[in-house]
Amino acid sequence: MRAATIQRVKRRVLREAVAENLDVIRGVPPRAIRPWNRFARIWLRRAPYLLVPLALGGAYLARGGNAEVGGAAAASAAVIGRPGAAAPPLIETTTSLERVTSAAFPLAVRRVVLDAGHGGTDPGATAATVLEKAITLDINHRLRTLLEADGFEVISTRADDRTIALKDRARLANDSNSDIFVSIHVNAIVKHTASRGIETYYLGPTSDPSLTQLAAAENRVSGYSLGDMRKLLDGVYADARRDESHELATVIQQELFSTLRVSDAGLENWGVKRAPFIVLVATDMPAVLAEVGCLSNQQEAAMLARADYRQKIAGALHQGIRAYASANDGPKKKGIPNHG
């Protein structure tokens, strides 16, 4: 239990450190002195975690880690001290600044939050005999079984047919200190009933009016006030976890399309997209929202009503999560101890 807590603290400190470093590179004032930043006090309390490695790095350089530069500087001083001596050639000691990515900090993925879209009084998309809330919950159960058998610990935002505000879903995910968040949904495109496809979203701005409209529809039962939203959106697009979310969305989309295309040759790959869904805005970990089908298409609605097809969807999501975990140096095997 203690070891798991330490690992979670390390991951959180690391995420905050990356964000602070990116801000410094951009010339933005440190977050700890920004009055609007809700993480200021937390950052100040955790500063020692960063000062220790920095101090160790400085000691390394002082002991010879940068011996060539130090030697060149001493030689330069000696030459400049002699009248008429030519200036020594300049030695380049810095490289151009490049954007730091999450790939530099591989972290194991062990705890997954599954979010079955809608529920209770919110049915989501509907077809003649099928409701989105029922489809997403069934896929959630199937996916949970696969993940747990593979060594993951799984948290579900809902385990039955009940109404849960998006705010409460995000709170549950954040309080669980999970590693990734996957929200499961089904599309409905009323104006294009002939269309059928899959798409996966991660957090980011969009200029597409149809995606803005879709986000507004999904965000209806959020539970957030206007004041809450302003706090959520403070610097949301500068969040370092967006890169990780994009990677997760990419592998999930690839697995969904390649798996389901075998059963439906007419299925379209609508790709990985950015959109401001509340559950993506409010969660602290890498998060994606997968639209695993389209109920407004009669053929696909009939397929989504089949248990074997929903099992294939769960299997594809499972493989996507495994691929992301493996890329983060956290391949799952039976017998690996979980967080407790």
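One can find the structure itself at the top, above this paragraph.
Here is what the cut-offs are and how they apply
Within each chain, residues carry numbers counting from 1 in the order of the written sequence. This being a predicted model, a pLDDT of at least 70 is required before a residue's local features are given, and a value of 80 or more before pairs of side-chain atoms are given or counted; all residues contribute to the totals for chains, interfaces and linings. The basis for every side-chain value is the complete set of non-hydrogen atoms in the structure, without hydrogens or water. We define a nonpolar core as any set of buried Ala, Val, Leu, Ile, Met, Phe, Trp, Tyr and Cys residues linked to one another through side-chain atoms lying within 4.5 Å. Burial classification: accessible surface area is computed with a 1.4 Å probe over protein chains only, and a residue below 20% of its type maximum counts as buried, one above 50% as exposed, and the rest as partly exposed. Each helix is a run of H or I in the DSSP string that is no shorter than four residues. Each strand is a run of E no shorter than two, and both are numbered from the N terminus. Residue contacts follow a heavy-atom distance rule, with two residues in contact if any of their heavy atoms lie within 4.5 Å. Side-chain rings of Phe, Tyr and Trp (the six-membered ring for Trp) are treated as a pair once their centres are within 6.5 Å; stacked means planes under 30 degrees apart, edge-to-face means over 60, and tilted covers the remaining angles. Pairing between two strands requires that DSSP report at least two bridges joining them. Angles shown run from 0 to 180 degrees and are taken between the N-to-C directions of axes, each axis being a line fitted to C-alpha atoms and, for helices, limited to the stretch in contact. Given a helix with a known number of residues, its expected span is that number minus one, times 1.5 Å. The term salt bridge refers to a side-chain nitrogen of Lys or Arg lying within 4 Å of a carboxyl oxygen of Asp or Glu.

1. Considering the nonpolar core
Line of reasoning, step 1. Counting 40 residues, the largest nonpolar core has Ile252, Leu256, Val292, Ile313, Leu317 and Ile321 as the members making the most contacts within it.
Line of reasoning, step 2. Every element with two or more residues in this core is listed here: strand S1 (111-116), helix H4 (132-149), strand S3 (180-187), strand S4 (197-202), helix H8 (241-260), strand S6 (287-294), helix H10 (298-304) and helix H11 (307-327).
Line of reasoning, step 3. Among the elements that make up this core, the one with the highest residue count is H11 (eight residues).
Line of reasoning, step 4. Beyond its immediate sequence surroundings of up to four residues, Ile313 is in contact with Ile139, Leu256, Leu260, Val292 and Leu304.

2. Focus on the packing of aromatic side chains
Line of reasoning, step 1. In this structure the tally under the stated criterion is one aromatic pair.
Line of reasoning, step 2. Geometrically, the ring pair formed by Tyr201 and Phe277 is edge-to-face, given 5.0 Å between the ring centres and 80° between the ring planes. You can see Tyr201 sitting in strand S4 and its partner Phe277 sitting in the loop between strand S5 (268-274) and helix H9 (278-282), a full 76 residues away along the chain. Each of the two residues, Tyr201 as well as Phe277, counts as buried.

3. Here's the deal with the sheet that holds S5
Line of reasoning, step 1. Read from one edge of the open sheet, six strands run S2-S1-S3-S6-S4-S5, paired in mixed fashion. For this open sheet the edge positions go to strand S2 (153-156) and S5, each flanked by a neighbour on one side alone. For this sheet the average axis-to-axis angle between neighbouring strands, irrespective of direction, equals 20°.
Line of reasoning, step 2. Examined bridge by bridge, S3 and S6 share six bridges and lie parallel to one another. The residue of S6 that forms the bridge with Ile184 is Ala290.
Line of reasoning, step 3. On the sheet, helix H5 (residues 166-175) packs against S1, S2 and S3 and is oriented at approximately 170° with respect to S1.
Line of reasoning, step 4. Sheet strands in contact with H11 are S1, S3 and S6, and its direction is about 150° off that of S3.

4. Examining H8
Line of reasoning, step 1. Taking 1.5 Å of rise per residue, 20 residues should cover 28 Å, and H8 covers 28 Å from first to last C-alpha, within 8% of that figure.
Line of reasoning, step 2. Every buried residue of H8 is accounted for by Arg241, Glu244, Ser245, Leu248, Ala249, Val251, Ile252, Gln253, Leu256, Phe257 and Leu260.

5. So, the pattern of salt bridges
Line of reasoning, step 1. In total, this model carries twelve salt bridges according to the counting rule given.
Line of reasoning, step 2. A salt bridge links Asp168 to Arg171, with the shortest nitrogen-to-oxygen separation between them at 2.6 Å. With Asp168 and Arg171 both in helix H5 and three residues apart, this pair spans about one turn of that helix.
Line of reasoning, step 3. The exposure class of Asp168 is partly exposed, given its relative accessible area of 35%.
Line of reasoning, step 4. Taking relative accessible area as the criterion, Arg171 reaches 40% and is therefore assigned partly exposed.
Line of reasoning, step 5. Residue Arg306 is joined to Asp308 by a salt bridge in which the shortest nitrogen-to-oxygen separation is 3.0 Å.
Line of reasoning, step 6. On the basis of relative accessibility, which here comes to 41%, the residue Asp308 falls in the partly exposed class.
Line of reasoning, step 7. By sharing partners, the salt bridges in this structure join Asp138, Arg142 and Arg310 into a single network.

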